[in-house]
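# Chains, contacts and geometry: an overview
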2 protein chains.
Amino acid sequence: MKSEKISELTTNRLSIYLRCLNELAAEGSKTVSSDNLAKRFHLNSAQIRKDLACFGEFGVRGVGYYVEDLRQQLTKILGLDHHHRVGIIGAGRLGTALTDYYGFRQTNFEVAALFDADREKIGTVVSDVKIYDVRDFAKIADRQGIDVAVIAVPAEYAQRVLEMIVASGIKAVMNFAPTPLLADEEIKLKTIDLTISLESLSYFLAGSGKNGKE
Amino acid sequence: MKSEKISELTTNRLSIYLRCLNELAAEGSKTVSSDNLAKRFHLNSAQIRKDLACFGEFGVRGVGYYVEDLRQQLTKILGLDHHHRVGIIGAGRLGTALTDYYGFRQTNFEVAALFDADREKIGTVVSDVKIYDVRDFAKIADRQGIDVAVIAVPAEYAQRVLEMIVASGIKAVMNFAPTPLLADEEIKLKTIDLTISLESLSYFLAGSGKNGKE
DNA sequence: ACCTGTGAAATCGTTCACAGCA
DNA sequence: TGCTGTGAACGATTTCACAGGT
């Protein structure tokens, strides 16, 4: 085990390993080797061993990893044994679609409240989640115990919304606005920029013929 | 200029530069230096010059880059001067939310058709886009000139849907199902895995106190 | 015989530093 | 003087290859 900085690339892969272990557990497998795991997605087995070695020595030489044991370890490492409450700012199409995104529930995240500036929307309910006035964000976030915020507003408001979120003491933010945001070091900000992904497809199609692959 | 392989990290940054150039052009700036661009997002100016140098010598020593010229060059390189027609498979919350996602229109992408397996949905219209039977995908895709597919179905169907898409001759695919998919080399597959992003936030909150940042 | 854990090598990406042109 | 384009240094990540445990 090494307690140095762990790269996000590594933790992202842990998510993938965990999913696979959940499947293996459901299928009744008792053990699995890194080679075996590597073949499922096409990864290198050394990478899997290295990723896991960041957190401890979970394997047994000559045998592999015990599926159930590793599953529990990864669940704990990723914090998936804790419940989180999510507030989504922006009750447009995207915000409401996310409200009942199955991935949230699956991952122990619960959408507790939506926020918008539109008078028409405030007070209404979407998928059992109430839409509040964005000006009451800090108050509601505190009252509801919200610890994760999702930014689903147009790009031009995103930075201001982020600042409001940070001011309310929330430390984990997911941003869907297609613009890079600036935040302090202690905030975990994850931007999902669909426009960049689209333009990446566009680039591929423009130069077409040449290689693709993820 | 070097015609070697260009990394996706580079083309992703081109998207960001282009956005910025569009703003600069709107503000009436005539020229901009790499140093100046670098300060807007906090990047290194050498990286910007290197990224651009992959595609040609666009700058002028002592001056910088001509905003309008570079804007047009990048638009062309990213293929944003071409129109694309999108088919979305899965007319659930996510699929329909994407249907009128503003980023599509902005980027010269047009959602031409939705596809679903649910009899109730087939034949109805969402935001002026018709929902077709997924079994007719190849036929409709061909008739409508669809060249980009979006997978917005549950994870367990995603691989099969991808194979159907590839079989119909489409080369660019965006996948929202939280599972890594396998595709041939000549297909450009971009997976946007919200579950991994969520688990990344969860990991951060679990080990909290320690550093965040994008 | 099999499989992990890990140094060492290879690859990929970023940043530095400066030559060279306007 | 100001700024680009780029080789060289640096840093991060991946892969190789094998020692060592069961």
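Cut-offs applied
- Residues numbered from 1 in each chain as written.
- Chains lettered and ligands numbered in written order.
- Predicted model: local features only at pLDDT ≥ 70, side-chain atom pairs only at ≥ 80, totals over all residues.
- Heavy atoms only, no water.
- Helix = DSSP H or I, 4+ residues; strand = E, 2+ residues; numbered from the N terminus.
- Buried < 20%, exposed > 50% of the residue type's maximum accessible area, 1.4 Å probe, protein only.
- Contact = heavy atoms within 4.5 Å.
- Areas by Shrake-Rupley, 256 points an atom, 1.4 Å probe, with all protein chains shown as cover.
- Lys, Arg positive; Asp, Glu negative; His and termini not counted.
- Charge placed at Lys NZ, Arg CZ, Asp CG, Glu CD.
- Least-squares fit on C-alpha atoms with pLDDT ≥ 70 in both.
- Pairing = 2+ DSSP bridges.
- Axes fitted to C-alpha atoms, helices over the stretch in contact; angles between N-to-C directions.
- Buried area = accessible area lost by both parts, 1.4 Å probe.
- Salt bridge = Lys/Arg side-chain N within 4 Å of Asp/Glu carboxyl O.
- Nonpolar A, V, L, I, M, F, W, Y, C, P; charged D, E, K, R; others polar.
- Phe/Tyr/Trp six-rings, centres within 6.5 Å; stacked < 30°, edge-to-face > 60°.
- Arc of directions from axis to C-beta.
- Polar contact = N/O pair within 3.5 Å; in protein donor to acceptor, adjacent residues only side chain to side chain.
- Domains from an automatic or database assignment.
- Near = heavy atom within 4 Å.

Helix and strand counts for chain A stand at 9 helices and 10 strands. Along the first, second and third principal axes, the C-alpha set of chain A runs to 65 × 50 × 35 Å. Looking at chain A as a whole, 50% of its 214 residues are labelled buried. Long-range pairs, those at least 24 residues apart, make up 55% of the contacts in chain A with a sequence separation of at least 6. Working note: accessible area of chain A is about 10,600 Å², and carbon and sulfur atoms make up 49% of it. Taking the average place of the 27 positive charges on the side chains of chain A and the average place of its 28 negative ones, the gap between the two points comes to 4 Å.

Once that is clear, we can look at the relation of the copies chain A and chain B. Expressed as a screw operation, the relation of chain A to chain B combines 0.0 Å of axial shift with a rotation of 179°, fitting to an RMSD of 0.1 Å. Accordingly, the operation relating the two chain copies is best matched by a two-fold axis. By C-alpha distance to the rotation axis, the residue of chain A lying nearest is Ala97 of chain A, at 3.1 Å. Mapped onto chain B, 97% of the interface residues of chain A are again interface residues, and the two copies thus contact each other with one and the same surface.

Our next topic: the sheet that holds strand S9 (residues 188–191) of chain B. Residue and element names in this part refer to chain B. Spatially, 7 strands are ordered S5-S6-S4-S3-S7-S8-S9 in an open sheet, and the strand pairing comes out mixed. The two strands at the open ends of the sheet, each matched to only one other strand, are strand S5 (125–126) and S9. Of the strand pairs in this sheet, strand S7 (residues 148–151) and strand S8 (residues 172–175) are connected by 4 bridges, and their pairing is parallel. Its bridge partner being in S8, Val150 is matched across the sheet by Met174. Along the sheet face, helix H8 (residues 155–167) touches strand S3 (84–89), S7, S8 and S9 and points at about 170° away from the line of S7.

Attention shifts here to the interface of chain A and chain B. With 68 residues of chain A at the contact, the number on the chain B side is 66 residues. Between chain A and chain B the total buried area reaches about 6,100 Å² when both faces are included, carbon and sulfur atoms providing 64% of it. Where chain A packs against chain B, one counts 4 salt bridges. A salt bridge links Asp193 of chain B to Arg19 of chain A, with the shortest nitrogen-to-oxygen separation between them at 2.8 Å. For the side of chain A that touches chain B, the secondary structure elements donating two or more residues are helix H1 (8–27), helix H5 (93–99), helix H6 (102–106), strand S9 (172–175), strand S10 (188–191) and helix H9 (194–206) of chain A. Residue classes in the side of chain A that touches chain B are distributed as 33 nonpolar, 18 polar and 17 charged.

A word on the packing of aromatic side chains. For any pair of aromatic rings, the description rests on two quantities: the centre-to-centre distance and the angle between the ring planes. Summed over the entire model, instances satisfying the criterion amount to 10 aromatic pairs over all chains. Centroid distance Phe115 of chain A to Tyr132 of chain A: 5.8 Å. Interplanar angle 35°. Geometry classified as tilted. One end of the pair, Phe115 of chain A, is in strand S5 (residues 109–116); the other, Tyr132 of chain A, is in strand S7 (residues 129–133), and 17 residues separate them in sequence. No difference in accessibility class separates Phe115 of chain A from Tyr132 of chain A, as the two residues are buried. Aromatic side chains Phe115 of chain B and Phe137 of chain B sit 4.8 Å apart centroid to centroid with 65° between the ring planes, which places their arrangement in the edge-to-face category. Linking Phe115 of chain B in strand S4 (residues 109–116) with Phe137 of chain B in helix H7 (residues 137–144), this pair joins segments that are 22 residues apart in sequence. The same class applies to Phe115 of chain B as to Phe137 of chain B, namely buried.

The next thing to look at is helix H3 (residues 45–53) of chain A. Residues and elements named next belong to chain A. Along H3, the residues classified as buried are Ser45, Ile48, Asp51 and Leu52. All buried residues of H3 project into a common sector of 120° when viewed along the axis, lining one side. Where H3 is buried, its residues contact H1, helix H2 (34–40), strand S3 (64–66) and helix H4 (67–77). Structurally, the start of H3 carries an N-cap: the backbone nitrogen of Ala46 is 2.7 Å from a side-chain oxygen of Asn44.

Turning our attention to the domain arrangement of chain A. By a frequent convention, interface size equals the accessible area lost on bringing the separate parts together. Here the domain parsing of chain A yields domain 1 (8–77) and domain 2 (89–197). Computed from C-alpha coordinates alone, the two centres of domain 1 of chain A and domain 2 of chain A are separated by 32 Å.

We now examine the sheet that holds S3 of chain A. Residue and element names in this part refer to chain A. Taken in spatial order, the 3 strands of this open sheet run S1-S3-S2, and their pairing is antiparallel. Single-partner strands in this sheet number two, and they are strand S1 (31–32) and strand S2 (59–60). The pairing of S1 with S3 spans 2 bridges and is antiparallel. Bridging across to S3, Thr31 finds its partner in Tyr66. The strands touched by H4 within the sheet are S1 and S3, with S3 carrying the most contacts at an inclination of about 75°.

With that settled, the discussion passes to the protein's contact with DNA strand C. Taken together, 23 residues are adjacent to DNA strand C, and Ser34, Arg49 and Tyr65 of chain A together with Arg13 and Lys50 of chain B come closest. Backbone atoms, meaning sugar and phosphate, make up 64% of the atoms of DNA strand C lying within 4 Å of the protein. A distance of 3.4 Å is found between a sugar or linking oxygen of DNA strand C and a backbone nitrogen or oxygen belonging to Arg61 of chain B. Counting residues per element, the ones that place at least two in the surface near DNA strand C are H3, S2 and S3 of chain A together with helix H1 (8–27) and helix H3 (45–53) of chain B.

Attention now moves to the environment of Asp136 of chain B. Topologically, Asp136 of chain B is positioned in the loop between strand S6 (129–133) and H7. C-alpha of Asp136 of chain B to C-alpha of Glu57 of chain B: the two residues are 79 residues apart in sequence and 47 Å apart in space.

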